[in-house]
Amino acid sequence: MQLIKEVKFLIGKELLLEWRSKYALNGVVLYVVSTVFVCFLSFVSLRGVTWNALFWIIMLFASINTVSKSFLQESKGRQLYIYTIASPLALIISKTIYNVFLMLLVTLIALAFYILVFDYVPEDMGLYLLATILGSLSFSTIFTMISAIASKAGNGGMLMAILSFPVIIPVIIMLIKLTKNAVDGLDRSVSLDEIATLLIINVLVAAFSVLLFPYLWRD
């Protein structure tokens with residue numbers, strides 16, 4: 001019960017800070033909208049595989065901008081305050097949950113605007129939505145933990161890019177395969193392996209975050 005109370009309090013804190021500044025959401029939405037519009041001016045018309053690949057390139061950089069602030073922008077004073085009022089387990093859980101919801105919101109806004117601008121809808125829109133949700137979960141869990149690690153070292157932005165590269169590449173490959181199946185309108189049974197792989201990656205990253213973060217937080 002104490003853990004649940006701490007998680008609720010920390011999520012409420014994140015929501016309150018975001019509501020006051022609206023820095024993360026507004027900044028990322030502006031980035032996504034402007035990037036999609038620039039791509040539209042450059043290509044005018046996109047279809048199929050190219051349309052799909054460009055969307056994930058945009059979302060990869062949007063997710064870095066969205067989630068990296070989790071720990072990298074926390075001041076030392078705020079970290080010390082949180083250390084005194086909550087457990088490290090509650091902190092990593094609350095950060096992950098908050099980033100998942102924020103990333104889901106940004107991804108859905110980006111997908112809707114992307115479809116609207118290019119006037120193109122995948123053959124299996126339901127499967128594509130499922131893939132974007134799984135992608136949001138993967139980006140959130142991976143970048144939250146890597147942000148926590150990078151925040152403990154100098155030059156955190158550079159370290160985050162180095163650490164995230166070998167982890168995020170397999171996720172991107174699975175997402176492109178899964179969404180390509182949705183774009184082509186293939187039978188959903190063909191995509192079960194990719195869905196299972198993404199779910200396993202999410203579970204493993206979340207488990208490692210919960211297990212390792214308390215030791216990292218003591219530093």
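Preceding block: the structure.
Residues numbered from 1 in each chain as written. Predicted model: local features only at pLDDT ≥ 70, side-chain atom pairs only at ≥ 80, totals over all residues. Heavy atoms only, no water.

## Focus on the overall build of the protein chain
This is how the line gets drawn: We count a stretch as a helix when DSSP gives it H or I for four or more residues in a row; a strand needs E for two or more, and each element gets its number in order from the N terminus. Any pair of residues with heavy atoms lying within 4.5 Å of one another is described as a contacting pair. For the area figures, the Shrake-Rupley method with a 1.4 Å probe applies, and any residue is considered shielded solely by the protein chains shown.
In terms of helices and strands, the protein chain carries nine helices and zero strands. Considering only contacts in the protein chain between residues 6 or more positions apart, those separated by 24 or more positions represent 83%. A total accessible area of about 11,100 Å² is found for the protein chain, and carbon and sulfur atoms account for 72% of it.

## Some points on the nonpolar core
Applicable threshold: In these notes, a set of buried Ala, Val, Leu, Ile, Met, Phe, Trp, Tyr and Cys residues joined through side-chain atoms within 4.5 Å is what counts as a nonpolar core. Residue exposure (1.4 Å probe, protein chains only): buried if accessible area is under 20% of the type maximum, exposed if over 50%, otherwise partly exposed.
Ranked by internal contacts, the top residues of the largest apolar core, which has 45 residues, are Trp-51, Met-59, Tyr-114 and Phe-139. Those elements giving two or more residues to this core turn out to be α2 (23–43), α3 (48–67), α6 (88–118), α7 (125–151), α8 (156–184) and α9 (192–217). The contact partners of Tyr-114, leaving out residues within four places of it in the chain, are Val-36, Leu-46, Trp-51, Leu-54, Phe-55 and Ile-58. Counting residues in hydrophobic clusters, the runner-up holds 13 residues, among them Val-7, Leu-10, Phe-71 and Ala-148.

## So, the pattern of salt bridges
The cut-off we apply is this: The rule for a salt bridge is simple: a side-chain nitrogen of Lys or Arg has to be within 4 Å of a carboxyl oxygen of Asp or Glu.
As enumerated under the stated definition, the model contains two salt bridges in all. Ionic pairing is found between Arg-188 and Asp-124, a salt bridge with its closest N-O pair at 2.9 Å. Placement of Arg-188 in the loop between α8 and α9 and of Asp-124 in the loop between α6 and α7 is noted, with a sequence separation of 64 residues between them. Here Asp-124 falls in the buried class, since its relative accessible area comes to 11%. The closest approach of N and O atoms between Asp-184 and Lys-180, which form a salt bridge, is 2.8 Å. Of the two residues, Asp-184 and Lys-180 both sit in helix α8, four residues apart, roughly one turn of that helix. The exposure class of Lys-180 is partly exposed, given its relative accessible area of 35%.

## Re the packing of aromatic side chains
The condition is simple: Aromatic rings from Phe, Tyr and Trp, with only the six-membered ring used for Trp, were paired whenever their centres fell within 6.5 Å, and each pair was classed as stacked if the ring planes differed by under 30 degrees, edge-to-face if by over 60, and tilted otherwise.
Evaluation of the coordinates by the stated rule reveals 10 aromatic pairs. When the centroid spacing of 5.2 Å and the interplanar angle of 70° are considered together, the rings of Phe-55 and Trp-56 count as edge-to-face. Under the relative-accessibility criterion, Phe-55 is labelled buried at 1%. Residue Trp-56 is classed as buried on the basis of its relative accessible area of 2%. Through a chain of ring-to-ring contacts, three or more aromatic side chains come together here, namely Phe-40, Trp-51, Phe-55, Trp-56, Tyr-114, Phe-118, Tyr-120, Tyr-128, Phe-139 and Phe-143.

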